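Coordinates in review
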Amino acid sequence: MAQYARIFAALDGGSTQEAVARRAVQIAHNSGAELLFGHVIDSVPYEANGIDFAALCEDGKKNLEHDLASVLAEARDDASIASVDLKVHAGRITDTLAESLIEPFEPDLVICGARGLSNLKYAFVGSVSTYLIRNIKCDVLVVKPEHYDA
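It should be emphasised that the depicted structure is a prediction, and the values quoted were computed from it without experimental measurement.

This brings us to the pairing of strand β4 (residues 109–113). Within β4, 5 of the 5 residues are buried, which leaves it mostly tucked inside the rest of the structure. Burial of β4 is two-sided: the residues Leu109, Ile111 and Gly113 facing one way and the residues Val110 and Cys112 facing the other way are all buried. Relative to β4, strand β1 (residues 6–11) runs parallel, the two sharing 3 bridges. Counterpart to Ile7 in the pairing with β4 is Leu109. Here 5 bridges tie β4 to strand β5 (residues 139–143), and the two strands are oriented parallel to one another. Bridge assignment links Val110 to a residue of β5, and that residue is Val140.

Judged by pairing direction, the sheet is parallel, and its 5 strands sit side by side in the order β3-β2-β1-β4-β5 without closing on themselves. Edge strands, defined here as strands with exactly one partner in the open sheet, are β3 (83–91) and β5. This sheet shows a mean twist of 20° between the axes of neighbouring strands, independent of strand direction. Bridge count between β1 and strand β2 (residues 34–42): 6 bridges; the pairing is parallel.

Side chains that differ in charge, positive against negative, can pair when their charged atoms come close. Tallying each qualifying case throughout the model produces 4 salt bridges. The residue Glu18 makes a salt bridge to Arg22 at a minimum N-O spacing of 2.9 Å. A residue pair is termed a helical-turn pair when its members lie 3 or 4 positions apart in one helix, as Glu18 and Arg22 do in helix α1 (residues 17–31) at 4 residues. Residue Glu18 is classed as partly exposed on the basis of its relative accessible area, which comes to 38%.

What counts as what
Residues numbered from 1 in each chain as written. Predicted model: local features only at pLDDT ≥ 70, side-chain atom pairs only at ≥ 80, totals over all residues. Heavy atoms only, no water. Buried < 20%, exposed > 50% of the residue type's maximum accessible area, 1.4 Å probe, protein only. Helix = DSSP H or I, 4+ residues; strand = E, 2+ residues; numbered from the N terminus. Pairing = 2+ DSSP bridges. Axes fitted to C-alpha atoms, helices over the stretch in contact; angles between N-to-C directions. Salt bridge = Lys/Arg side-chain N within 4 Å of Asp/Glu carboxyl O.

Shown next as structure tokens:
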């Protein structure tokens, strides 16, 4: 198994979020890596409303801290993991994920979830995991849901 020094785990609030987080902790533990969890709040629905994005991100971070409390505590308490951080930004998902979270961290592994969308749905909504695979210049691990229907 490859050893990684910097691991980025993309959290999307979906059905695979906890599995992504747990896999990231496991690999970070085995590699002694730095671990950054990141989430992007899609700004598109809010752009015309003059919303306070800083407050929205702070609320999003609190929600993630709550939803993933046991996984984050496990990671933070693990002496084998070099560091653990959680960042939440607002913006257009793929651009913000890549440019504001992943690229500045310079990971050698990105872990994300697969949604298991059908080809028809994919044509309309796109796929963050596909974007990452095609555009990020390091290894990308896609975690599929437990009950994945192909």
